[in-house]
Amino acid sequence: MERVKQHKGVNDVYTPEDVLRECDILQNINHQNIVKFIELFNHAGKYYVITEYIDGRELFDYLLPYNRSGKDVDKKIVQSIMIGLLDGVEYIHSKGVIHFDLSIENIILRKIQGITGTTIIPTIIDFGMAQKVSTLEIDYNHPPGKPGYMAPELIGDCEADQRVDIYSLGII
């Protein structure tokens, strides 16, 4: 089973160009911490992006009970999640890609049962705002990403690069 991302029309957050750019980026990426692209199709003027189905939950949903209770997440779990995220981000950066929208809502945690116990693997999703460094275009009047995770250089008109993703990881 796969996840389907539907582009409904020009009033959506994602334009057809965004959807095509996302697919172009995802089809050239193969990493355990990055969602896998399956297919793109257009039906009746609507784009549909099909990615792998990830049996897990958003990092946001995982953290919510800890936030409400005031308890800390186990340090080994935090370490495992961050190592996976750093590995995934390092990989996309090595491919010349900036995600621009890293947040706890765009990370799915899946549990893998192994011989030594359960391993949590973070998977980065939603490359709708991602861009290749080689063709980078940023509208600083409407910068990509969520304000709470956005690097300061995206708010001003400073030149942005892959470090904006590192900043977002620091917020996470």
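Criteria and cut-off values
- In this numbering scheme, every chain counts its residues from 1 along its sequence in written order.
- It should be noted that, the model being predicted, local features are given only for residues of pLDDT at least 70 and side-chain atom pairs only at 80 or more, the latter also being counted only at that level, while totals for whole chains, interfaces and linings use all residues.
- Computation of side-chain values covers all heavy atoms of the structure but excludes hydrogens and water.
- A run of DSSP states H or I qualifies as a helix once it reaches four residues; a run of E qualifies as a strand once it reaches two. Both are numbered from the N-terminal end.
- For this analysis, a polar contact is any N or O atom pair within 3.5 Å, provided that within protein one partner can donate a hydrogen and the other can accept it, and provided that sequence-adjacent residues contribute only side-chain to side-chain pairs.
- We call two residues in contact when some of their heavy atoms are within 4.5 Å.
- We call a set of buried Ala, Val, Leu, Ile, Met, Phe, Trp, Tyr and Cys residues a nonpolar core when their side-chain atoms join them within 4.5 Å.
- Note on exposure labels: buried denotes an accessible area under 20% of the residue type's maximum, exposed denotes more than 50%, and partly exposed covers the range between, all computed with a 1.4 Å probe on protein chains only.
- A pair of Phe, Tyr and Trp rings is counted when the ring centres sit within 6.5 Å of each other, with Trp represented by its six-membered ring. The angle between the planes then sorts it: under 30 degrees is stacked, over 60 is edge-to-face, the rest tilted.
- A carboxyl oxygen of Asp or Glu within 4 Å of a side-chain nitrogen of Lys or Arg is what we treat as a salt bridge.
- Think of it this way: DSSP has to see at least two bridges between two strands before they count as a pair.
- The axes are straight lines fitted to the C-alpha atoms, using for helices just the contacting stretch, and the angles between their N-to-C directions are given from 0 to 180°.

Turning to its location among the elements, Asn-106 is positioned in the loop between strand 5 (97-98) and strand 6 (107-114). Polar side-chain contacts of Asn-106 include one of 2.7 Å to the backbone oxygen of Asp-101. Ignoring any residue separated from it by four or fewer positions in sequence, one finds Asn-106 in contact with His-99, Asp-101, Thr-123, Ile-124, Ile-125, Asp-126 and Lys-146.

Membership of the largest hydrophobic core comes to 32 residues, with the highest contact counts inside it found for Ile-29, Ile-34, Leu-59, Ile-92, Leu-109, Ile-124 and Phe-127. The leading source of residues in this core is helix 3 (residues 75-94), at 5 residues. Look past the residues within four positions of Phe-127 in its chain and what remains in contact with it is Glu-22, Ile-25, Leu-26, Ile-29, Ile-34, Val-35, Ile-92 and His-99. Formed by 9 residues, the second largest nonpolar core is a distinct cluster that contains Met-129, Ile-138, Ala-151 and Val-164.

Here the structure, examined in full by the defined rule, presents 2 aromatic pairs. Aromatic pair Phe-41 and Tyr-48: ring centres 5.0 Å apart, planes at 15°, arrangement stacked. For Phe-41, a relative accessible area of 33% puts it in the partly exposed group. Look at Tyr-62 and Tyr-66: their rings are 5.7 Å apart centre to centre, the planes differ by 45°, and that puts the pair in the tilted class. Pair noted here: Tyr-62 and Tyr-66 are both in helix 2 (residues 59-69), with a separation of 4 residues, about one helical turn. Given the relative accessible area of 7%, Tyr-62 is considered buried. On the accessibility criterion, Tyr-66 (27% relative accessible area) is partly exposed.

Turning our eyes to something else, we now look at the pattern of salt bridges. This model, assessed by the stated rule, comprises 5 salt bridges. Where Arg-21 meets Asp-18, a salt bridge forms, and the shortest distance between an N and an O atom there is 3.0 Å. Residue Arg-21 and its partner Asp-18 are both found in helix 1 (residues 16-26); the two are separated by 3 residues, about one turn of the helix. Two residues, Asp-161 and Arg-163, come together in a salt bridge whose shortest N-O distance is 2.7 Å.

Strand order across the open sheet formed by 3 strands is 4-6-7, with antiparallel pairing between neighbours. At either margin of the open sheet sits one strand with a lone partner, and together these are strand 4 (56-58) and strand 7 (117-124). For this sheet, the mean angle separating the axes of adjacent strands, direction not counted, is 30°. Relative to strand 6, strand 4 runs antiparallel, the two sharing 3 bridges. Directly across from Gly-56, in strand 6, lies its bridge partner Arg-110. On top of the sheet, helix 2 reaches strand 4, strand 6 and strand 7; it is set at about 75° to strand 4, its chief contact. In this fold helix 3 packs onto strand 6 and strand 7, with an angle of close to 40° to the strand it touches most, strand 7.

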